[in-house]
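Structure at a glance
This is what each chain is made of:
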Amino acid sequence: MELKMRLCVALLCVCALLGAGVRAQQEEMEMDVEDAIDDMQEEDVEEEELATPTPAPVPTVTYKAPEPMGEHYFAESFDKGTLQGWVLSEAKKEGIDEEIAKYDGKWEVEEMQNTKLPGDKGLVLKSRAKHHAISGLLLRPFTFDTKPLIVQYEVNFQTGIDCGGAYVKLLSQTPDLDLAEFVDKTPYTIMFGPDKCGEDYKLHFIFRHKNPKTGEFEEKHAKKPDADLRTYYTDKKTHLYTLVLNPDNSFEILIDQTVVNSGSLLSDVTPPVNPPAEIEDPEDHKPEDWDERPKIQDPDAVKPEDWDEDAPAKIPDEEAVKPDGWLDDEPEYISDPDALKPEDWDEDMDGEWEAPQIPNPVCETAPGCGPWERPVIDNPNYKGKWKPPMIDNPNYQGVWKPRKIPNPDFFEDLHPFRMSPFSAVGLELWSMSSDIFFDNFFITSDRSVAERWAEDGWGLKKAAEGAAEPGLMTQMITAAEERPWLWVVYVLTVALPLVLIIVFCCTGKSSAPAAAAEYKKTDEPQPDVKDEAEEEEAKEEEPEEKKSEEEDSTGEAEEAAESDHKDDSTSHEKSEDDILRRSPRNRKARKD
């Protein structure tokens, strides 16, 4: 009983903790948006309104355009509602059909679809299956010296993304940079951002490194993130993408201010920044007599005289016996007697009609039908084609490799962070999806300034989206409508604890009568089955009831003693003491 009580209390505690967890989750959601939500104006409620209560209003977040609070090179929130400061490309892409070569994809500045933050505008890629190119100049060129580079912006795939990119290019500072001629071949220093096609979810970080010996540029791609990026492309929420480059050559890539990839420009990019010091000599060739075989056939081996290469691998089992009841004269398959020739069967065109074959029903109860043949077994004398055994090649020289020579193109750049300066930011994209929303571009060398901009921009969007999200119960019901099997999980989650509580708390039988019956079957001394709790309970009873129980207990003890005396007079005193010892009441009665 005590164990059941403990289990009952434990189950109740678990249910209470689950309820507290749900309440804590809801309170945490409210606290996340508390700073961003303006105080709701409360109006006096008339007595008539109290009679018919209205649903509580949904909290709203008031939008305020972010303002850069520190040193920066570029800041754009598009809240002016225009493309002022941005240049649309008028160029054509080379090497493709004239019909699709022009960068004629449409851009608009507008609010996000189903926005939770009225007043917030962004740059929207409007066309699908077209080339888009737009760019804007920085306040001043960014030079890679002793300060880090922080690039961040927001993306929302409002209608999902099938195949297309949402990355930015930091256009290199060159004398001939013309934003109106911005194309895919325009030199850039860094390309960064999301890209997706099919089931390939990418987050690019590519930089162009200049070879100090040849002066040529080569693209270096950062390693793939270990994190699963699928959610960021499919949840139709606004996400903040951040790239941090440090003068010590380390880099970090963040989504929603959480690091998803990091490493070093010297060791975590492909191909490596620095080429190998030695390379294989392209003029070195393997000698004709070079032996790379580690094993060869033994030239001294001779085929044994008793080796039979013609012996079959399988032979009939001579010990096999035809099973009793085998029907030799019955075919295994017969023509279907119920089959009818189709009415449109033309024997001249289709040939003579034959009924389809079905298993012979007579053979179902027999071990087999048709001519019986002995089963085949492995031939114990089979050896197959004889081959000489393999031995170590005494002339083995190992796997040949060309000799190494110093790499004539070798160089060592220990500071790949010092990239080419850039003076503009651009979007040069092809997409099969439309309505990709961009917002709050920011470039700086101060991480705290970037975080402040993120708070005032993306942080406000996150608060507004959180405030508008349905409650936990609504989310559970919506999920169950999409996946009906979740109803079973919900029922089990709720019903199982209740069933356990009922089983452990509301059922069960007292074991006291069984214990009493056990000790009445023997005259042997029994341990005291009363626990301290029952003794204290007995002491709290009324005096009259206690006295009555003592008299009853004494009578039962005397009656049991007389009965035992008839069977065995020598055990009378022992049995009486034993019975009295079992009950505190009897001990007190005897003392009186």
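Quick caveat: nothing in here was measured; it's all calculated off a predicted structure.

**Focus: the state of the cysteines**
- Enumeration according to the criterion identifies 2 disulfides in this entry.
- C163 shares a disulfide with C197; S-S distance 2.1 Å. Looking down the S-S bond of the C163 and C197 bridge, the torsion is -90 degrees, so its handedness is left-handed. Of the two residues, C163 is situated in strand 7 (residues 163–165) and C197 in strand 9 (residues 188–197); the sequence distance between them amounts to 34 residues.
- What makes C197 partly exposed here is its relative accessible area of 42%.
- For C363, the disulfide goes to C369, at an S-S distance of 1.8 Å. Judged by the sign of its S-S torsion, about -120 degrees, the cystine formed by C363 and C369 is left-handed. The pair formed by C363 and C369 is uniform in burial state, with each residue classed as buried.

**Details of a negative patch on the surface**
- Negative charge collects at one region of the surface, where E343, D344, D346, D348 and D350 lie side by side.
- Judged by relative accessible area, which is 65%, D344 ranks as exposed.

**Observations concerning the pairing of strand 5 (residues 130–142)**
- Pairing of strand 2 (residues 86–88) with strand 5, which is carried by 3 bridges, proceeds in the antiparallel orientation. The residue bridging V87 from the neighbouring strand is S135, located in strand 5.

**As for the nonpolar core**
- Ranked by size, the top nonpolar core spans 63 residues in total, and within it L149, I190, F205, L245, F438 and I443 carry the most contacts.
- Among all residues touching L245, those that are not within four sequence positions of it are F144, P148, L149, I190, F205, S250, F251, L265, F417 and M419.
- Ranked by size, the runner-up nonpolar core spans 7 residues in total, among them I150, V244, L254 and A450.

**Considerations on the pattern of salt bridges**
- All told, the structure shown has 26 salt bridges when counted by the stated rule.
- Linking E94 and K185 is a salt bridge whose minimum nitrogen-to-oxygen distance equals 3.7 Å. Taken together, the residues span a long stretch of sequence, with E94 in the loop between strand 2 and helix 3 (98–101) and K185 in the loop between strand 8 (168–172) and strand 9 at a distance of 91 residues. Residue E94 shares its accessibility class with K185, and that shared class is exposed.
- Among the ionic contacts, a cluster of salt bridges with common partners joins D120, E154, D439 and K461.

**Re the side chain of S127**
- The residue S127 is located in the loop between strand 4 (121–125) and strand 5 in this model.
- A polar contact is formed between the side chain of S127 and the backbone nitrogen of K106, at a distance of 2.9 Å.

**Notes on helix 6 (residues 447–456)**
- For helix 6, every residue scored as buried is listed here: V449, A450, W453 and A454. All buried residues of helix 6 fall inside an arc of 140 degrees around its axis, so they share one side.

**Observations concerning unusual backbone geometry**
- Put simply, T270 and P271 share a cis peptide bond, and its omega is -10 degrees.
- The topology assignment puts P271 in the loop between strand 15 (269–270) and strand 16 (278–280).
- Backbone geometry places A129, a non-glycine residue, at a positive phi of 60 degrees.
- Notably, N249 is not glycine yet its phi reads approximately 75 degrees, a positive angle.

**Brief notes about the packing of aromatic side chains**
- Considering all chains together, one arrives at 19 aromatic pairs under this definition.
- Note on F144 and F417: the rings are 5.3 Å apart at their centroids and 85 degrees apart in plane angle, and the pair reads as edge-to-face. Highlighted residues: F144 in the loop between strand 5 and strand 6 (149–157) and F417 in the loop between strand 23 (404–406) and strand 24 (422–431), separated in sequence by 273 residues.
- Take F417: its relative accessible area is 1%, and that puts it in the buried class.
- Each ring, one from F205 and one from F251, has its centre 5.3 Å from the other, and the planes form 55 degrees; the classification is tilted. In this pair, F205 is assigned in strand 10 (residues 200–210) and F251 in strand 13 (residues 250–255), connecting sequence segments 46 residues apart.

About the thresholds
- Residues numbered from 1 in each chain as written.
- Predicted model: local features only at pLDDT ≥ 70, side-chain atom pairs only at ≥ 80, totals over all residues.
- Heavy atoms only, no water.
- Disulfide = S-S within 2.5 Å.
- Helix = DSSP H or I, 4+ residues; strand = E, 2+ residues; numbered from the N terminus.
- Buried < 20%, exposed > 50% of the residue type's maximum accessible area, 1.4 Å probe, protein only.
- Patch = residues over 30% accessible without salt bridge, like charges linked within 9 Å, V, L, I, M, F, W, Y side chains within 5 Å.
- Areas by Shrake-Rupley, 256 points an atom, 1.4 Å probe, with all protein chains shown as cover.
- Salt bridge = Lys/Arg side-chain N within 4 Å of Asp/Glu carboxyl O.
- Lys, Arg positive; Asp, Glu negative; His and termini not counted.
- Charge placed at Lys NZ, Arg CZ, Asp CG, Glu CD.
- Pairing = 2+ DSSP bridges.
- Core = buried A, V, L, I, M, F, W, Y, C linked by side-chain atoms within 4.5 Å.
- Contact = heavy atoms within 4.5 Å.
- Polar contact = N/O pair within 3.5 Å; in protein donor to acceptor, adjacent residues only side chain to side chain.
- Arc of directions from axis to C-beta.
- Phe/Tyr/Trp six-rings, centres within 6.5 Å; stacked < 30°, edge-to-face > 60°.

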